[in-house]
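What the coordinates show
One-letter residues, chain by chain:
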Amino acid sequence: QIPKDPEQQQLRELTALSQQLQRVHPNVLAKILKQGTVYQNEEIVVINKPYGLPVHGGPGIKNCIADVLPILAKMLENMKAEPLHLCHRLDKETTGVMVLARSKEAAEKIRLLFKTRQVEKIYWAIVLGDPDPVEGVVEIPIVEKEVQSHQSHYKMTLAPNYRLCPEDGKVVKIRKNRNAESAVTRYRRLASASACSLLELQPITGVKHQIRVHLAYGLGCPILGDHKYSHWSKLAPQKLPELTLRRLKLKQSKSRHLPLHLHAHRLCLPLGQPLDLVCKPPLFFQKTLRKLELDIAKD
């Protein structure tokens, strides 16, 4: 039975989003991934990764991409039924372009391209607020730290090399954190409305949760639905502006159901001639753009 109240219906859809792929049979999951294939040749298969699907298994995870690669390989035409290989990873909540290799050799070649930063990656994110300036580069190292709160947990965070001196306001260099990794993200605003913005992002480096951390702590514009990086010390649902809640037809008490709005939109892979691989954002992302009136010129 479908609830008549649009808010209830919206909630039902959002909650189903992250659970549905954990409930299906591995064969069904492989079929879903096959339908989401955006490109294939003799070396690679490119899929549009769905929301809420982890790349690797772990405790409490019933379905993941790694486990269904042998089934997917058999389903794809013109394949020797050799399992596919992972070349890079996306977070469980991130959607979009994902490259799989048809052989170990191809996988190693592509992993090396990622490692040596020869792959151009473009993401889209809906964020809270408006970045200032509207386009630029965030270059702040990132480190993993334990958060001491009533529920201790680990988070990635910024480890800047500079700080402002409280006495005279001068910029001073501080000692480098040994464990911090250098992280660079280019960003530009594509649209803004309803107290939110749509950003195009290009991570130059590939540190864990880099885009989420740079946006939330570097620019003060956390990604919509990023409940982990919207606060530092507590594990709590994201607090949304009134206008945003109204447009999304959502109550603040239900904001925890909002999914992360981060999408791997495009990859440029220099394999022989450069391959330009593009994935449309998932339906929930497109609906949010419409509700928030974030109009983007069609490219």
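Looking at an unreviewed UniProt entry, the chain carries the name Pseudouridylate synthase RPUSD4, mitochondrial, with the source organism given as Menura novaehollandiae. Here the chain is described in UniProt, under the heading Subcellular location (unreviewed entry), as follows: "Mitochondrion". Here the chain is described in UniProt, under the heading Sequence similarities (unreviewed entry), as follows: "Belongs to the pseudouridine synthase RluA family."

Examining the nonpolar core
I65, L84, L100, L201, L215, I223 and L262 are the most contacted members of the largest nonpolar core, which totals 46 residues. Leave out the neighbours within four places in its chain, and L262 touches E93, T94, T95, Y123, W124, A125, L201, I211, R212, I223 and F285.

Regarding the pattern of salt bridges
This model, assessed by the stated rule, comprises eight salt bridges. Between D91 and R212 there is a salt bridge, and its shortest N-O distance comes to 3.3 Å. Of the two residues, D91 sits in the loop between strand 3 (85-86) and strand 4 (95-101) while R212 sits in helix 5 (residues 210-218), which places them 121 residues apart along the sequence. Two residues, D226 and R212, come together in a salt bridge whose shortest N-O distance is 2.9 Å. Of the two residues, D226 is situated in the loop between helix 5 and helix 6 (242-248) and R212 in helix 5; the sequence distance between them amounts to 14 residues. Note on accessibility: D226 and R212 belong to one class, buried. Here the salt bridges share partners, and the residues they tie into one network are D91, R212 and D226.

What counts and how
- Residues numbered from 1 in each chain as written.
- Predicted model: local features only at pLDDT ≥ 70, side-chain atom pairs only at ≥ 80, totals over all residues.
- Heavy atoms only, no water.
- UniProt positions renumbered as here; feature names shortened; annotations may be inferred.
- Core = buried A, V, L, I, M, F, W, Y, C linked by side-chain atoms within 4.5 Å.
- Buried < 20%, exposed > 50% of the residue type's maximum accessible area, 1.4 Å probe, protein only.
- Contact = heavy atoms within 4.5 Å.
- Salt bridge = Lys/Arg side-chain N within 4 Å of Asp/Glu carboxyl O.
- Helix = DSSP H or I, 4+ residues; strand = E, 2+ residues; numbered from the N terminus.

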